[in-house]
Amino acid sequence: AHGVATPQPGHVEHDADAVWWADVVAVVRDILANPGVTADRISALCCSGIGPCVLPVRGGRPLRPAILYGVDTRAQRQIDELNDRVGRAAIRAHAGNDLSSQSAGPKIAWLRDEEPEVYRRADMFVTTQTYVVGRLTDEWVIDHGTAAYFHPLYDLANRRWNLEGCSGIVEAARLPRLGWPGEVAGLVTRQAAAETGLAFGMPVLVGSADAPAEALSAGVLEDNDAMLMYG
């Protein structure tokens, strides 16, 4: 169990190391403490995470607490500015959604406007599972499903980053590479193995946000399947 930080009204944050990474280390070590479970018997690891979140990192380490998903409403001014500049219809056609507090793009723009030094220093803006995979493997990747909520930066029709019409938010080079949840993102590094107890070189998958993983676990796989989520 853990809570959130609310430093100002509308701001909802997590310490990525104290919550995300520490949780993964604790859960993995708890699993490995079970009788008969050893690191060499684990074939691979895949993590889901809350999202879309925005965490600026430099050299793989956080520059500030992570800005959480739709519960964080700080970027309304940036949403309004993007709607005025790009157009609601153009954003919807490009990203498949209207901008809202669930959109990660305006939150990156908020960092540009309100914390310019953090924004300048960041070499990448990542979400929850991207950070965990990065700590495990030194590979920085985001699944297409979560990337699609980085509107208006993701081109839904062509399944790629596309900053056309929304320049000035962030460069594509500072966004994670794209992958699918079941693909191998990378292998556990020696440092991550020492911290977690996992085997060095074990495959780590790209992973996904929480809701798709929950749907999969509930058997929601085909048209007309349904799931009721209580947040």
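Check the entry above for the structure.
Draft legend 1. Representation of the side chain of threonine 130 in the model. Within the secondary structure, threonine 130 is located in helix α6 (residues 128–137). Owing to a relative accessible area of 0%, threonine 130 belongs among the buried residues under this scheme. Here threonine 130 is in contact with Trp140, Val141, Ile142 and Pro176, once residues within four sequence places are set aside.

Draft legend 2. Structural view of the layout of surface pockets. Counted as a void, the largest pocket has a volume near 430 Å³. As for the largest pocket, its lining consists of 20 residues, and the residues nearest its centre are Trp20, Asp23, Val24, Cys47 and Ser48. Those elements that provide at least two residues to the lining of the largest pocket are α1 (16–32), β2 (48–49) and α6. The greatest single-element share of the lining of the largest pocket, amounting to 7 residues, is contributed by α1.

Draft legend 3. Local environment of the nonpolar core. Counting 33 residues, the largest nonpolar core has Trp20, Leu55, Val126, Tyr131, Leu136, Val188 and Leu198 as its most contacted members. Per element, the largest residue contribution to this core is 8 residues, and it comes from α1.

What counts, and at which threshold
Sequence order sets the numbering: in each chain, residues are counted from 1 along the sequence as written. Reporting of local features is limited, given that this is a predicted model, to residues whose pLDDT is at least 70; pairs of side-chain atoms are given and counted only at 80 or more, and all residues count toward the totals for whole chains, interfaces and linings. Processing note: side-chain calculations cover all non-hydrogen atoms of the structure and skip hydrogens and water entirely. Where helices and strands are cited, they refer to DSSP runs of H or I of at least four residues and of E of at least two residues respectively, numbered from the N terminus. Burial classes: relative accessible area under 20% of the type maximum marks a residue as buried, over 50% as exposed, and values in between as partly exposed (1.4 Å probe, protein chains only). By definition in these notes, contact holds between two residues if any of their heavy atoms fall within 4.5 Å. A 1.4 Å probe that fits into a set of points on a 1 Å grid over the protein atoms alone but cannot get out defines a cavity; an open set with protein on both sides within 12 Å along at least five of seven lines defines a pocket, and lining residues are those with an atom within 4 Å of a point. Grid points are joined across faces, edges and corners, and a volume is the space filled by probe spheres set on the points. Grouping buried Ala, Val, Leu, Ile, Met, Phe, Trp, Tyr and Cys residues that are joined through side-chain atoms within 4.5 Å yields what is termed a nonpolar core.

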